[in-house]
Amino acid sequence: MLINLLSGEISQDEYLRRNNATIIYKELPKRVNGLIFKHCDANFIVINKFLSDEKTKETILHEFAHMELEQLDELKQNSDIPKEILEFYIESTEDFADKYIQALKNEIRLDKNISLIHYITK
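Residues numbered from 1 in each chain as written. Predicted model: local features only at pLDDT ≥ 70, side-chain atom pairs only at ≥ 80, totals over all residues. Heavy atoms only, no water.

1. Considering a negative patch on the surface
Note the following rule: Residues enter patches when their relative accessible area tops 30% and they take part in no salt bridge; the joining distance is 9 Å for like charges and 5 Å for the nonpolar side chains Val, Leu, Ile, Met, Phe, Trp and Tyr. All accessibility values rest on the Shrake-Rupley procedure with a 1.4 Å probe; residue burial counts only the protein chains present in the view. The rule for a salt bridge is simple: a side-chain nitrogen of Lys or Arg has to be within 4 Å of a carboxyl oxygen of Asp or Glu. When charges are tallied, Lys and Arg are placed among the positive residues and Asp and Glu among the negative ones, while His and the ends of the chain are skipped. To locate a charge, the coordinates of NZ of Lys, CZ of Arg, CG of Asp or CD of Glu are taken. Helix and strand assignments come from DSSP, with helices taken as H or I runs of at least 4 residues and strands as E runs of at least 2, each series counted from the N terminus.
There is a patch of like negative charges on the surface, built from Glu91, Glu94, Asp95 and Asp98. With respect to the helices and strands, Asp95 occurs in helix H5 (residues 83–111).

This is the structure we're talking about:
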């Protein structure tokens, strides 16, 4: 479904509605661009309110990837593993989310020559 957002077939509002998600802008530590968590079957995306518009869009897209890849559910299932392994798991999910976004962008670029970040709004 993220590919539908990136290709302009659905709006960001529609994507959020379909995923029962809300974006919240808060002051976060400088090293934290954003995060996502699930509560009562709702997805909450928290974005650092001090990011530039471009970085905000990239971060929203990254958090959408975590949601679409169902990584929140995977992390919850693995919450009892040792801290060192959990840290490695979290790092690998971050990398996988970024690679997933890039693969979607590449797929769309084969069909259209557009700026994909255009469809993500602040």
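2. Side note on the pattern of salt bridges
Defined as follows: Partly exposed residues are those whose accessible area sits between 20% and 50% of the maximum for their type, while under 20% is buried and over 50% is exposed, using a 1.4 Å probe and protein chains only.
Considering all chains together, one arrives at three salt bridges under this definition. One salt bridge connects Glu14 with Arg17, and the closest N-O pair in it is separated by 2.5 Å. Residue Glu14 and its partner Arg17 are located together in helix H2 (residues 12–18), separated by three residues, close to a single helical turn. Take Arg17: its relative accessible area is 57%, and that puts it in the exposed class. Of the charged contacts, one joins Glu14 and Arg18 as a salt bridge, the two residues approaching to 2.7 Å between their closest N and O atoms. On the criterion of helical spacing, the pair formed by Glu14 and Arg18 is a turn pair, its members being four residues apart in helix H2. The partly exposed category is assigned to Arg18, whose relative accessible area is 43%.

3. Topic: the sheet that holds strand S2 (residues 34–39)
Definition in use: What makes two strands pair is DSSP finding at least two bridges between them. For every element, the axis is a line fit to its C-alpha atoms; helices are fit only across the contacting stretch, and the angle between N-to-C directions ranges from 0 to 180 degrees. Any two residues whose heavy atoms approach within 4.5 Å at even a single point are treated as in contact.
The three strands are arranged S1-S3-S2 in an open sheet whose pairing can be described as mixed. Two strands bound the open sheet, and with one partner strand each, they are strand S1 (21–26) and S2. Averaged over neighbouring strand pairs, the angle between their axes works out to 25° when direction is ignored. The pairing of S2 with strand S3 (residues 42–48) spans six bridges and is antiparallel. Within S3, the position partnered with His39 by the bridge is Ala42. Of the strands in this sheet, S1, S2 and S3 touch helix H3 (residues 53–68), which is tilted by about 155° from S3.

4. Some details on the pairing of S3
Most of S3 sits out of view: six of its seven residues are buried. Where S2 folds back onto S3 in an antiparallel hairpin, the turn is made up of two residues, including Cys40, whose phi is positive at roughly 50°.

These figures capture arrangement, not role.
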